Amino acid sequence: MQGKAVSEGIAIGVLSIYRKLAHNPGMSKYLGSVAEINRLAVARIQAKRELESLRIKASMEGNEAGASLLGSYIVMLDDPAFIDAVERRIGDRHMTAEEAVESARDRIYELFGSMDDPYMQARAEDIRDISDRVIRNLGGSVQITPNLTDDVILLAEDLTPSDTMQLNTDRVLAFVTKRGSNLSHTAIIARSMNIPAVVALDYPEGCEGKLAILDGYNGELIIDPDEATLERYRERKAELEERARILSELKSLPSVTLDGHHVGLLANVGSAPDIKKALELGCEGIGLFRSEIFYLDRDDYPTEEEQYEAYAEAVRVLDGRELVIRTIDIGADKQVPYLQMKHEDNPAMGMRAVRYCLGHKDVFRTQLRAIYRASAHGPVSILFPMIISIEEIWQIRSVINEVKASLDKDGLKYATCKIGAMIETPAAAMISDLLAKEVDFFSIGTNDLTQYTLAVDRQNTELEFICDYHHEAILRFLKMTIDNGHKEGCKVCICGELAADTSITADLLRMGVDELSVTPASLLKVKQAIRGIRIS
Ligand code: PEP
Ligand code: MG
């Protein structure tokens, strides 16, 4: 059976279906609006308590991704729009609390689910999960946690973080869900657990208990495989395990070429727990901290204090190693409702990244204050996305001066931060000689540089066949940027996906790139490539 692969790996095991407890909202009688609203309030408190204990459990198990998702569920339970939608149904339409939650849930689910944005579609599943938890609490029924005693490939309609948190995940070899996308929680959690997962696979109910193979590379579920297939997959699994073992031996070895050139190997991350993972895999620092993560998945701007704590935690975890924080790159494919950005016909070329920040200096200043305050605890560099001119750097420097003056006034400490420009527009690459005089370092974002140079939308899967990251135009821009950077003493890093493409690592090193910053999962593979290259 074919689904969509969202987390790599091979699993061979028995299939087990996770069925959620059914509820019957038609059961209770309408007790009047005051009584129903009170019942709703009690059920919401109980649901929050359950989620809080699951969140603590996740956190204690080191599952920070799950803990933070559960934290966002707790916040959603207090969302005034959600509460209002339910209470209006109780008051105006005389629905019982159960019926009202179910009706509001279906409406919001339909609304989010019909949006084009896969991120919002994934949020529709969150609404379903928190609503069902409230309904369960209204019915007084108890959540049944499947007691997994054997290692299984777990099948489910969909799995929410609270589902997975209640499972004995040590026993789960892989996940398969009927619904979901690359951004759904099953995908995120499976990747963080480093186990295979396939979504959008319509498995038959009768397959429970059968032996199966799940291929997390091509999205195939093979139920009742014949002996020859089984043998083929066992061999492939053993090969992958051997490869992983060899790679893991590289963790503590230096990132140097055969002829002794050191190449900085850094990680791209979005949170402090990701940094811990990247350090365990032997990275030398963080080359790209995507700070917009703090702005997504919430209802209001993060405060200076919240951001400061997150950045300071990152600095603390890195313990003196390099940390490059990129200021928010919001807009284009990363939309945030509370920023109330105007509709744009062409958002990829619109009010995004540093353009947004320079047009909303209050938001920009808040983030820069938080970053500078964190710099008091260890080395921090600041990277600015979507630069197209030196005038932007001057404007940025002037905001930085204001921020430093305000910190001085408040008696808050900060250190000197290196200032870097992302080279991800053709304009920035073409004037990299001028930009190099204005900044301390460059970081080349090959994802956007390719999109804008080739005029190919990076999200358009139908154009994938011409979205050539090795295009001669890109290679010339890379060489030009590296040479121009070096002439002015700027270090040059590549932080786009190309940095993890080992088929081109030798060329990048021969061009003279100083650092490569890649997703944590690619660190060892890139280190292996670097260690096998002779530059001269
Ligand atoms: C890039 O454009 O290459 C990059 C690293 O930034 P993002 O993928 O976040 O746009
Ligand atoms: Mg970019």
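Note that this is a predicted model, so its numbers are computed, not measured.

### Here we look at the sheet that holds strand E2 (residues 10–18)
Hydrogen bonding along the main chain pairs the strands of a sheet, whether they run parallel or antiparallel. If you trace the seven strands from one edge of the open sheet to the other, you get E1-E5-E4-E3-E2-E6-E7, paired in mixed fashion. Across the chains shown, the open sheet's two edge strands, defined by having one partner strand only, are strand E1 (4–7) and strand E7 (220–223). Pairwise comparison of adjacent strand axes, ignoring direction, gives a mean angle of 35° for this sheet. Note: strand E6 (residues 211–215) against E7, four bridges, orientation antiparallel. Across the sheet, residue Ala212 finds its bridge partner in E7, namely Ile223. Along the sheet, helix H7 (residues 185–193) contacts E1, strand E4 (172–177) and strand E5 (197–199); its crossing angle with E4, the most-contacted strand, is approximately 160°. Running at roughly 110° to E2, helix H8 (residues 227–248) makes contact with E2, E6 and E7 of the sheet.

### Topic: the pattern of salt bridges
Within the structure shown, the criterion is met by 39 salt bridges. Among the salt bridges present, the one from Glu231 reaches Arg234, with a minimum N-O distance of 3.7 Å. Of this pair, Glu231 and Arg234 both sit in helix H8, separated by three residues, roughly a single helical turn. When its relative accessible area of 39% is taken as the criterion, Arg234 is described as partly exposed. Put simply, Arg316 and Glu313 hold a salt bridge, and the shortest N to O gap is 3.0 Å.

### Considerations on the domain arrangement of the protein
By the assigned domains, the protein splits into domain 1 (20–144) and domain 2 (253–531). Look at where the C-alpha atoms of domain 1 and domain 2 centre, and you get two points 38 Å apart. Counting from both sides, the interface comprises five residues of domain 1 and, opposite them, four residues of domain 2. Taking both sides of the interface into account, the surface hidden between domain 1 and domain 2 amounts to around 440 Å²; carbon and sulfur atoms contribute 50%. Taken as a group, Glu64, Ser72 and Tyr119 account for 58% of the area that domain 1 buries against domain 2, more than any other trio of residues on that side. Taken together, domain 1 and domain 2 are joined by zero salt bridges. Summed over the shared surface of domain 1 and domain 2, the result is zero residue pairs in polar contact (both at pLDDT 80 or more).

Criteria and thresholds
Residues numbered from 1 in each chain as written. Chains lettered and ligands numbered in written order. Predicted model: local features only at pLDDT ≥ 70, side-chain atom pairs only at ≥ 80, totals over all residues. Heavy atoms only, no water. Pairing = 2+ DSSP bridges. Helix = DSSP H or I, 4+ residues; strand = E, 2+ residues; numbered from the N terminus. Axes fitted to C-alpha atoms, helices over the stretch in contact; angles between N-to-C directions. Contact = heavy atoms within 4.5 Å. Salt bridge = Lys/Arg side-chain N within 4 Å of Asp/Glu carboxyl O. Buried < 20%, exposed > 50% of the residue type's maximum accessible area, 1.4 Å probe, protein only. Domains from an automatic or database assignment. Buried area = accessible area lost by both parts, 1.4 Å probe. Polar contact = N/O pair within 3.5 Å; in protein donor to acceptor, adjacent residues only side chain to side chain.

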